[in-house]
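The residues making up each chain are set out below.
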Amino acid sequence: MKTIREHGAALAEARAGEAVLAERARLAREVHDILAHSQSAQIVHLEGARLLLERGDDPAAALDRVERAVRLARTGLEETRRALDGLRGEELPLAERLERLAVEFRSVTGAPCTVSVTGSLDSLEAGARLAVARTAQEALTNVRKHAPGAAVSVALRRVEGWCELEVCDTGGPPGRLSSSGGGDGLVGMRERAELIGGSLAARPGTEGFRVLLRVPA
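Rules and cut-offs
- Residues numbered from 1 in each chain as written.
- Predicted model: local features only at pLDDT ≥ 70, side-chain atom pairs only at ≥ 80, totals over all residues.
- Heavy atoms only, no water.
- Helix = DSSP H or I, 4+ residues; strand = E, 2+ residues; numbered from the N terminus.
- Buried < 20%, exposed > 50% of the residue type's maximum accessible area, 1.4 Å probe, protein only.
- Contact = heavy atoms within 4.5 Å.
- Areas by Shrake-Rupley, 256 points an atom, 1.4 Å probe, with all protein chains shown as cover.
- Pairing = 2+ DSSP bridges.
- Right-handed = clockwise from strand over helix to strand, strands pointing away.
- Expected span 1.5 Å × (residues − 1).
- Arc of directions from axis to C-beta.
- Axes fitted to C-alpha atoms, helices over the stretch in contact; angles between N-to-C directions.

Q: Please set out the overall build of the protein chain residue by residue, giving values where relevant.
A: Secondary structure summary: the protein chain contains five helices and five strands in total. For the protein chain, the succession of helices and strands along the chain, N to C, is α-α-α-β-α-β-β-α-β-β. Counting only residues that meet the buried cut, the protein chain has 37% of its 217 residues in that class. Put simply, 67% of the contacts in the protein chain that link residues at least 6 apart link residues at least 24 apart. Accessible surface for the protein chain amounts to roughly 11,900 Å². Of this, 56% is attributable to carbon and sulfur atoms.

Q: Which residues make up the pairing of strand β2 (residues 152–159), and what are the values?
A: The sheet contact formed by strand β1 (residues 113–118) and β2 spans six bridges and is parallel. The residue of β2 that forms the bridge with Val115 is Val154. As for the winding sense of the linkage, the β-α-β connection from β1 through helix α4 (residues 126–146) to β2 is left-handed. In this sheet, strand β3 (residues 162–169) lies alongside β2 in antiparallel orientation, the contact comprising eight bridges.

Q: Give me the lowdown on helix α3 (residues 94–109), citing residues and values where you can.
A: The α-helix advances 3.6 residues per turn, and as a result positions three or four apart in sequence lie on the same side. The terminal C-alpha atoms of α3 lie 23 Å apart, and with 16 residues this matches the ideal 22 Å at 1.5 Å per residue to within 8%. Taken residue by residue, α3 has Leu94, Arg97, Leu98, Leu101, Ala102, Glu104, Phe105 and Val108 as its buried positions. Seen along its axis, α3 keeps its buried residues to an arc of 160°; they face one direction. Phi for Gly110, located one or two positions after α3, is positive at around 80°.

Q: Report on the sheet that holds β1, specifying residues and quantitative values.
A: Within a sheet, neighbouring strands are paired by backbone hydrogen bonds and run either parallel or antiparallel to one another. Spatial ordering of the open sheet is given by β1-β2-β3-β5-β4, a layout of five strands whose pairing is mixed. The sheet terminates laterally at β1 and β4 (199–204), the two strands that pair on one side only. Recorded for the sheet is a direction-independent mean angle of 10° between the axes of neighbouring strands. Across six bridges, the pairing between β4 and strand β5 (residues 209–216) is antiparallel. Bridge assignment links Ala201 to a residue of β5, and that residue is Leu212. Most of the contacts of α3 go to β1, to which it runs at about 170°, and overall it touches β1, β2 and β3. Packing of α4 onto the sheet brings it into contact with β1, β2, β3, β4 and β5, and relative to β5 it is tilted by some 175°.

Purely geometric numbers; function is a separate question.
The structure is reproduced here in structure tokens:
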């Protein structure tokens, strides 16, 4: 019969094994999200370049599309490396991750993208930080797809025990409905939020589209 100490050691070992499996699952989800974001955006630009070349249109515009796809590929590689760095305790601060996403958005689209952060985020758990970063990334990807040329604001704030991420765009070209929040990616983000006790809403705003994520802080 096992002693209390042996039972305690076995329980600790089981919990450690569960933690390892959970961390592997988290890494797998993060890498999946990175690749889905990067590759879908690359396809948009490469398909645009192909259509321009088929029609014999401005080759400079086609080259620009290809160059944007290359930048996205490099960014995806850097994001994957950062995901692995996170496992070694080298994760970037959340505010810096959001600012990098904004820089990428401005570089790829030429449209404005602002970031504001208010309140302390030091107590956010890893799952909450990941949900915020991935939701912001997915929302910006959807703006590029469905509301080209739209300006975007990204606001991260702490409100009464919650951390809120709000991403709003100004809408697509005249006569085109902005539907930047309706993609399958945001469905996955909503499920991710609910797993950690949060919520995600995506619906038309006063001008374009509004995505609001709430996670425990």
